[in-house]
Structure formats: C-alpha cells, structure tokens
Amino acid sequence: RASRSMPFISKTYNVNFIAMATRIMLGLPQPSVTIQPIDMDCVASKVPVFSFSRLKNSDPRLGVEMQSTGEVACFGQNQYEAFLKA
C-alpha cells in the first residue's frame, strides 16, 4: 500500500517522494534527484505484524490473505540487525 510504503521509502532514501510527486502532478518544476542505494549507511526492513489475538476467529496458519494487522519498519547496520529490530 502506497500510504505506508511511500513514507518508508522516502525516509530510507532521505528524499521526500510525496512532495516530489505532488509538484509533478501540479506541473511545477522538479529538480532531478540522484539516488545511490549502494551509498546508504544502513539497511531498511519493513515487516508485517500478525497479531492473531486481535483477529477474532482467525486461523494462525497463514493463508493467501495473510491477515496482517500492521507493519513495522526498522533500520540496521546489516539486514540481520534491521530484521531483528523489526
């Protein structure tokens, strides 16, 4: 979902993609932005949260719909640290 993914990506790359998209849709000039993921000082991880206790009558065995109740995003020095923080 863009409502959660865009702010996360904006924070990860330190670029306000929401403001950039708004300027483009309004026909305003938008300066070029160079993104170099290889130069990042951290790893970002976005993980779904499955709180089955809040989902009445839900089956804890995940199906196609995966009944996620939210997401958590964390940053770490490597992918293991970022995932463990999440």
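The structure reproduced in this document is the subject of the present report. (Residues numbered from 1 in each chain as written. Predicted model: local features only at pLDDT ≥ 70, side-chain atom pairs only at ≥ 80, totals over all residues. Heavy atoms only, no water.)

## Digging into the side chain of S10
In step 1: When you line up the elements, S10 lands in helix 1 (residues 2-13).
In step 2: At 3.1 Å, the side chain of S10 and the backbone nitrogen of F17 are in polar contact.
In step 3: Non-local contacts of S10, meaning those with residues more than four positions away in its chain, are made with V15, N16, F17 and I18. (Helix = DSSP H or I, 4+ residues; strand = E, 2+ residues; numbered from the N terminus. Polar contact = N/O pair within 3.5 Å; in protein donor to acceptor, adjacent residues only side chain to side chain. Contact = heavy atoms within 4.5 Å.)

## A short note on the environment of A19
In step 1: Inspection of the secondary structure puts A19 in helix 2 (residues 17-25).
In step 2: Of the residues examined, A19 reaches a relative accessible area of 25% and is grouped as partly exposed.
In step 3: C-alpha separation for the pair A19 and Q30, spaced 11 residues apart in sequence, amounts to 9.7 Å. (Buried < 20%, exposed > 50% of the residue type's maximum accessible area, 1.4 Å probe, protein only.)

## What about the side chain of S45?
In step 1: Residue placement: S45 occurs in strand 1 (residues 43-49).
In step 2: Its relative accessible area of 12% is what places S45 among the buried residues.
In step 3: Setting aside residues up to four positions removed in sequence, S45 forms contacts with F8, V72, A73, C74, A82 and F83.

## Quick look at the environment of Q36
In step 1: Mapped onto the elements of the fold, Q36 is located in the loop between helix 2 and strand 1.
In step 2: The class of Q36 is partly exposed, set by a relative accessible area of 43%.
In step 3: It is 8.5 Å that separates the C-alpha atoms of Q36 and Y13, two residues lying 23 residues apart in sequence.

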